[in-house]
Amino acid sequence: MGQAARDAAELLGQARRVVIFTGAGMSAESGVPTFRDALTGLWRQFDAQALATPDAFRADPALVWGWYEWRRATVRQARPNAGHVAVAAIEARVPSSVLVTQNVDDLHERAGSAAPVHLHGSLFAPHCSGCAQPAPVPDLTEEPAEGRRIPPPRCARCSAAVRPGVVWFGEALPTEALEAAVEAASTCDLLLTVGTSGLVYPAAEIPQVAARLGAAVIQVNPEETPLDRVADVNLRGPAARVLPALVDAAWDRPHGA
Ligand code: OAD
């Protein structure tokens, strides 16, 4: 084990309040594409302005709804990876830990994390675009394919179009989630940031808030990111390999060794 891994394990083993902050790289090894990967990233292949803005939904609801149904189908076929399982293990070891995710998939929940704070919403929480009433998650009768247009369901209360429960470009983050994330980052002694490019604000503020208020920051990412300079320890590698090793090293050794 290298020095960085030893330092990270010691920080984690001693921490009392941990925030785990995750991005799309967390789910990459489950087969869910990230946004900015040079080859497979969603925003390299698709036009975010035509799919992930309120204007796009107004202009072509079936295109937007169909694209998110395709993404929901991709996630449904994916399984949590060893990194998600390791995150749930950290939460079990450190009861006052808080998981804050930018991901709209449900892989953390399926790995055993009880209540992730979803900063960017969820593919599994559609709501009315008119009156905001939560709407049922539709059954995927016909498997959506990429590019298939699917008209959105209608709201049972006001019959406006139901929209995906994700945060789009130009929209505010859900207030409760953002407040919970800032509060957790302000009071933690360790923040572990995993698989995020750290480019999208205000989410990218969360590790910076923790660092400013004195928490140690560990970053897990195979690539360099703007968060490198915020992190006390940078673990360069994929989440599904690095996180289980980190958990083992933090706790599976004699106390004080
Ligand atoms: P990005 O696609 O911007 O960044 C993914 C990060 O994961 C990159 O830094 C990769 O190097 C890293 N990565 C790739 N594979 C990894 C692996 N196996 N293990 C660990 N890290 C890996 O995704 P996010 O940072 O999540 O917003 O993007 C932030 C937001 O931008 C998303 O929540 C989404 C998007 O627009 C909304 O949908 C509102």
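In this text, all values refer to a predicted model and were calculated from it rather than measured experimentally. (Residues numbered from 1 in each chain as written. Predicted model: local features only at pLDDT ≥ 70, side-chain atom pairs only at ≥ 80, totals over all residues. Heavy atoms only, no water.)

Peer 1: Looking at this structure, I do not really get the packing of aromatic side chains. What am I missing?
Peer 2: Geometry of an aromatic ring pair is reported as the spacing of the ring centres plus the angle between the planes. In this structure the tally under the stated criterion is nine aromatic pairs. Relative to Phe-169, the ring of Trp-43 lies with its centre 5.9 Å away and its plane at 55 degrees, an arrangement referred to as tilted. Highlighted residues: Trp-43 in helix α3 (residues 42–45) and Phe-169 in the loop between β5 (162–163) and α9 (175–187), separated in sequence by 126 residues. Considering the side-chain rings of Phe-46 and Trp-67, the 5.4 Å spacing of their centres and the 65 degrees angle between planes classify their relative orientation as edge-to-face. A residue pair is termed long-range when its members are at least 10 positions apart, and Phe-46 in the loop between α3 and α4 (48–51) and Trp-67 in helix α6 (residues 61–77) qualify at 21 residues. Comparing Phe-46 with Trp-67, the two get one shared label, buried. A cation sits over an aromatic face here: Arg-163 above Trp-168, 3.9 Å from the ring centre. (Phe/Tyr/Trp six-rings, centres within 6.5 Å; stacked < 30°, edge-to-face > 60°. Helix = DSSP H or I, 4+ residues; strand = E, 2+ residues; numbered from the N terminus. Buried < 20%, exposed > 50% of the residue type's maximum accessible area, 1.4 Å probe, protein only. Lys NZ or Arg CZ within 6 Å of the ring centre and 35° of its normal.)

Peer 1: Help me understand the nonpolar core, please; the structure alone is not making it clear to me.
Peer 2: In globular proteins that are soluble, nonpolar side chains generally tend to be buried together. Leu-12, Val-18, Ile-90, Leu-192, Leu-235, Leu-243 and Leu-246 are the most contacted members of the largest nonpolar core, which totals 28 residues. Judged by nonpolar contacts, the second largest core, of 21 residues, contains Leu-119, Ala-203, Ala-210 and Ala-215. (Core = buried A, V, L, I, M, F, W, Y, C linked by side-chain atoms within 4.5 Å.)

Peer 1: Is there a simple way to think about the site of the ligand in this case?
Peer 2: For the ligand, the set of nearby residues contains 23 residues, the closest of which are Arg-36, His-120, Thr-196, Ser-197 and Asn-221. The separation between an oxygen atom of the ligand and a polar main-chain atom of Gly-195 is 3.2 Å. When isolated, the ligand has an accessible area of 800 Å², and the protein chains bury 90% of it. When grouped by side-chain class, the residues that make up the shell around the ligand number ten nonpolar, ten polar and three charged. Among the domains, domain 1 (1–30 + 80–121 + 173–257) and domain 2 (33–77 + 127–163) are the pair contributing at least three residues each to the shell around the ligand. (Near = heavy atom within 4 Å. Polar contact = N/O pair within 3.5 Å; in protein donor to acceptor, adjacent residues only side chain to side chain. Areas by Shrake-Rupley, 256 points an atom, 1.4 Å probe, with all protein chains shown as cover. Nonpolar A, V, L, I, M, F, W, Y, C, P; charged D, E, K, R; others polar. Domains from an automatic or database assignment.)

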